[in-house]
Amino acid sequence: MSAQLQDAYIPTQEDVKTSREALEALSPLRDQMHLSSNNFELRFEKLKRSISVPPGVLELFFAVLSEAAKGNSITLIPLNKEFTTQEAADYLNVSRPHVISLLETGKIPFRKVGSHRRIKFSDLMTYKQASDLESKRAFEELAALSQDLKLDYD
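Residues numbered from 1 in each chain as written. Predicted model: local features only at pLDDT ≥ 70, side-chain atom pairs only at ≥ 80, totals over all residues. Heavy atoms only, no water.

Participant: Mind showing me how you'd approach the overall build of the protein chain here?
Facilitator: Check the secondary structure of the protein chain and you find five helices and five strands. Moving toward the C terminus, one meets the helices and strands of the protein chain in the order α-β-β-α-β-α-α-β-β-α. Taking 2.2 N^0.38 as the reference for a compact globule, 154 residues should give roughly 15 Å; the C-alpha atoms of the protein chain span a radius of gyration of 21 Å, well beyond that estimate. Dimensions along the principal axes, computed over C-alpha positions, put the protein chain at roughly 60 × 55 × 35 Å. By sequence separation, contacts in the protein chain at least 24 residues apart represent 52% of the contacts at least 6 residues apart. When the accessible surface of the protein chain is split by element, carbon and sulfur atoms take 54% of a total near 11400 Å². Across the protein chain, the mean location of the 20 positive side-chain charges is 7 Å away from that of the 22 negative side-chain charges. (Helix = DSSP H or I, 4+ residues; strand = E, 2+ residues; numbered from the N terminus. Rg over C-alpha atoms; globule rule 2.2 N^0.38 Å. Contact = heavy atoms within 4.5 Å. Areas by Shrake-Rupley, 256 points an atom, 1.4 Å probe, with all protein chains shown as cover. Lys, Arg positive; Asp, Glu negative; His and termini not counted. Charge placed at Lys NZ, Arg CZ, Asp CG, Glu CD.)

Participant: Is there a simple way to explain the packing of helix α3 (residues 85-92) against helix α4 (residues 96-104) in this structure?
Facilitator: Packed helix pairs are characterised by how far apart their axes lie and by the angle those axes make with each other. The contact between α3 and α4 brings their axes to 8 Å, and the two run at 105°. Considering their axes alone, α3 and α4 lie roughly perpendicular with respect to each other. Judged by residue contacts, T85, Q86, A88, A89 and L92 of α3 engage R96, V99, I100 and L103 from α4. Taken together, the residues of the contact of α3 with α4 break down into six nonpolar, two polar and one charged. (Axes fitted to C-alpha atoms, helices over the stretch in contact; angles between N-to-C directions. Parallel < 35°, antiparallel > 145°, perpendicular 65-115°, else oblique. Nonpolar A, V, L, I, M, F, W, Y, C, P; charged D, E, K, R; others polar.)

Participant: I keep staring at the sheet that holds strand β4 (residues 111-113) and nothing clicks. Help me out?
Facilitator: Pairing between the strands of a sheet is mediated by backbone hydrogen bonds and can be parallel or antiparallel. Reading across from one edge, β3-β5-β4 is the order of the three strands in this open sheet, with antiparallel pairing throughout. Here the strands that pair on one side only, and so sit at the sheet edges, are β3 (82-83) and β4. Relative to strand β5 (residues 116-120), β4 runs antiparallel, the two being bridged by three bridges. Along β5, the bridge assignment pairs R111 with R118. Relative to the sheet, helix α5 (residues 121-148) contacts β3 and β5, its axis offset from that of β5 by approximately 70°. (Pairing = 2+ DSSP bridges.)

Take a look at the structure:
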């Protein structure tokens, strides 16, 4: 993985296999994680050293391993990272003018740096989660209406 956090890690087929094996081997530890709020000690035999790891970091490690085991690419984005309008549009899978409209109407908070708009990733996530929830509710309402009207879409 490169030094920049926003760059994606794309697992090779060998990485997929190794990640699956690691998940299987570590499954007893994963089961214990939910029973404890204490840090976990990881022992590295080759280094002859143990390190303490918070449960949240270990959970993130399992999430990364799980995605790699599925062959999915992985990107870490700090919540306080600021996106340009184009980066925000790419993340939301919408046009840049649509993002600007969302910013100007106050649906997503932003700040200006000179004439450029900057959007915190955490604010983008909040908007996306709300938007996804609204879409899900609309879909469920439409599905219920279709059933009420006995519409058959087979």
